[in-house]
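# A look at the structure
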Amino acid sequence: MAEIGRKRSAGNSQDKENLYSVGEVCRLTGTTRKTLFYYDRIGLLTPSRRDGVQNFKEYDSDKVRRLRRIIQYREAGLKISEIREILDDKEADAIQILQDALQRMKNEQSGMEEKIRRLQMLIKAETEHRR
């Protein structure tokens, strides 16, 4: 992972992991501050630590990797609840969750295709009615 910004350490002197600010995490992952704060608020991605009087959020590389997985799942259309289950439930069957999500999306696609057909019929009827 590319190192950005100043080096901050987490924990004691033996544990010198780099920490990334909100801005750095956003640049690394292409996400927004608003999304990052939302994930923190719902407990999907909490900062590794909060620093200073203003409680600045800082994230270690494990949190950045988790965020990348969250983004990947969101881009594939998974719901937050599905993502949370895959990432946080040790007993979860990730493949089954993904298959269920795929089936849900196929069903939604079929419903959308039906709505498109109905709209096309309405457009045709309106066009003929105007003649």
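Below is a short write-up of the structure. (Residues numbered from 1 in each chain as written. Predicted model: local features only at pLDDT ≥ 70, side-chain atom pairs only at ≥ 80, totals over all residues. Heavy atoms only, no water.)

## Regarding the sheet that holds strand S2 (residues 49–51)
Spatial ordering of the open sheet is given by S1-S3-S2, a layout of three strands whose pairing is antiparallel. Looking at which strands have only one partner, the edges of the open sheet turn out to be strand S1 (20–21) and S2. In the sheet, S2 pairs with strand S3 (residues 56–59) via three bridges, with the strands oriented antiparallel. Each bridged residue has a counterpart across the sheet, and for Arg 50 the counterpart in S3 is Lys 57. (Pairing = 2+ DSSP bridges. Helix = DSSP H or I, 4+ residues; strand = E, 2+ residues; numbered from the N terminus.)

## Some words on the pattern of salt bridges
Following the criterion strictly, the structure yields 10 salt bridges and no others. As a salt-bridge pair, Arg 65 and Asp 62 come within 2.2 Å of each other at their nearest N and O atoms. With Arg 65 and Asp 62 both in helix H3 (residues 61–75) and three residues apart, this pair spans about one turn of that helix. Overall, Arg 65 belongs to the partly exposed group, its relative accessible area being 43%. Since its relative accessible area comes to 46%, Asp 62 is described here as partly exposed. (Salt bridge = Lys/Arg side-chain N within 4 Å of Asp/Glu carboxyl O. Buried < 20%, exposed > 50% of the residue type's maximum accessible area, 1.4 Å probe, protein only.)

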